[in-house]
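Each chain, letter by letter, is given below.
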Amino acid sequence: MAKSQQTFNKTEKVKKRLKKREEKQKKKEARKQAAKESGSSGIPLAYVDFNGNLVDTPPDPSMKVEIEAEDIVLGIPKKEEGDEEEFDPVRKGKVSFFDSSKGFGFIIDSENNEKYFVHVSGLIDEIFENDKVSFELEKGMKGMNAVRVKKI
């Protein structure tokens, strides 16, 4: 006699699948019944008030503001002559550590007390620890690096 292809595990899986399908159908019908009883017609509306918050009441038409299409600026606004600030790329600081044999060190900025890496290739003058220096910053591989370092 040949063995049945239907194993116990397969029949259990089929039963589980059918049970899930029936439960899903019951839930669907329960939702339909609840919607009929409450009389709601689906998704309730949400409005955005003048502060940008979601509310369930429509906004007050008296607070409506008319905006001309020409007043809307897309992209970066054009700079006017008086708007530009003078930016000085040269910073001042103090050498906190410098190893001349290895060729690198660190400078502490006097404005924001941040440490910046400096390499011997970015030096204009020879520097030592505790020297006052002026420098510029460039983006390096691991952060900002001090370059064009001069002794003050």
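In this numbering scheme, every chain counts its residues from 1 along its sequence in written order. The predicted nature of this model means local features are confined to residues of pLDDT at least 70 and side-chain atom pairs, given and counted, to a pLDDT of 80 or more, with totals for whole chains, interfaces and linings taken over all residues. No hydrogens and no water enter the side-chain calculation; it runs on all heavy atoms of the structure.

Engineer: For this particular structure, what's the right way to read a negative patch on the surface?
Structural biologist: On the surface, a cluster of negative charge is contributed by Glu66, Glu68, Glu70 and Asp71. Per-residue accessibility, obtained with a 1.4 Å probe over protein chains only, is compared with the maximum for each type, and a residue is labelled buried under 20%, exposed over 50%, and partly exposed between these values. Given a relative accessible area of 56%, Asp71 falls into the exposed group. To count toward a patch, a residue needs a relative accessible area over 30% and no salt bridge; like charges are then connected within 9 Å, while nonpolar side chains (Val, Leu, Ile, Met, Phe, Trp, Tyr) are connected within 5 Å. Each accessible area is a Shrake-Rupley result for a 1.4 Å probe, and residues are judged covered by the shown protein chains and nothing else. By definition here, a salt bridge exists when the distance from a side-chain nitrogen of Lys or Arg to a carboxyl oxygen of Asp or Glu is within 4 Å. Two residue types count as positive, namely Lys and Arg, and two as negative, namely Asp and Glu; His and chain ends fall outside the count. Where a charge sits is defined by one atom per residue type, namely NZ (Lys), CZ (Arg), CG (Asp) or CD (Glu).

Engineer: Just checking my understanding: could you explain the pairing of strand 7 (residues 144–151) for this structure?
Structural biologist: The side chains of a regular strand alternate, first on one face of the sheet and then on the other. Strand pairing requires that DSSP identify at least two bridges connecting the strands. Secondary structure elements are defined from DSSP: runs of H or I of at least 4 residues count as helices, runs of E of at least 2 residues count as strands, and each element is numbered from the N terminus. Taken together, the two bridges between strand 5 (residues 115–119) and strand 7 define a ladder with parallel strand orientation. Within the sheet, the bridge partner assigned to Phe117 lies in strand 7 and is Asn145. With six bridges joining them, strand 6 (residues 132–139) and strand 7 adopt antiparallel strand pairing. The partner of Lys139 across the bridge, within strand 7, is Met144.

Engineer: What's the story with the sheet that holds strand 5 in this structure? I'm lost.
Structural biologist: Two modes of strand pairing occur in sheets, parallel and antiparallel, and in both the strands are linked by backbone hydrogen bonds. Strands sit in the order 3-4-5-7-6 around a closed barrel of five strands; the barrel is mixed. Between one strand axis and the next, the sheet turns by 50° as a mean value, whatever way the strands run. Relative to strand 4 (residues 104–109), strand 3 (residues 91–99) is paired through six bridges, and the arrangement is antiparallel. Counted as the bridge partner of Val95 is Ile107 from strand 4. The axes used here are C-alpha line fits, helices contributing only the stretch in contact, and every angle between their N-to-C directions lies in the interval 0 to 180 degrees.

Engineer: Honestly, the pattern of salt bridges in this entry has me stumped. Any pointers?
Structural biologist: Charged atoms that come close allow side chains of opposite charge to pair. This model, assessed by the stated rule, comprises four salt bridges. Here Arg91 and Asp109 are joined by a salt bridge, their closest N and O atoms 2.4 Å apart. Placement of Arg91 in strand 3 and of Asp109 in strand 4 is noted, with a sequence separation of 18 residues between them. Asp109 gets classed as buried once you look at its relative accessible area, which sits at 0%. When the shortest N-O distance is used, the salt bridge between Arg148 and Glu136 registers 3.0 Å. One end of the pair, Arg148, is in strand 7; the other, Glu136, is in strand 6, and twelve residues separate them in sequence. Beyond isolated ion pairs, a larger network of salt bridges with shared partners links Glu136, Glu138 and Arg148.

Engineer: Would you mind showing me how to read the side chain of Asp131 here?
Structural biologist: Within the secondary structure, Asp131 is located in the loop between strand 5 and strand 6. Taking relative accessible area as the criterion, Asp131 reaches 14% and is therefore assigned buried. By definition in these notes, contact holds between two residues if any of their heavy atoms fall within 4.5 Å. Here Asp131 is in contact with Gly93, Lys94, Val95 and Lys151, once residues within four sequence places are set aside.

Engineer: What is the right way to look at the pairing of strand 4 in this model?
Structural biologist: Only one face of strand 4 is buried: it carries Gly105, Ile107 and Asp109, and the other face, with Phe104, Phe106 and Ile108, is open. Here strand 3 hands over to strand 4 after four residues, with Gly103 in that stretch at a positive phi of 85°. Pairing analysis gives five bridges linking strand 4 to strand 5, with the strands arranged antiparallel. By the bridge assignment, Phe104 is partnered in strand 5 with His119. If you look at the hairpin formed by strand 4 and strand 5, you'll find five residues sitting between the two strands, and Asn113 has a positive phi there, around 55°.

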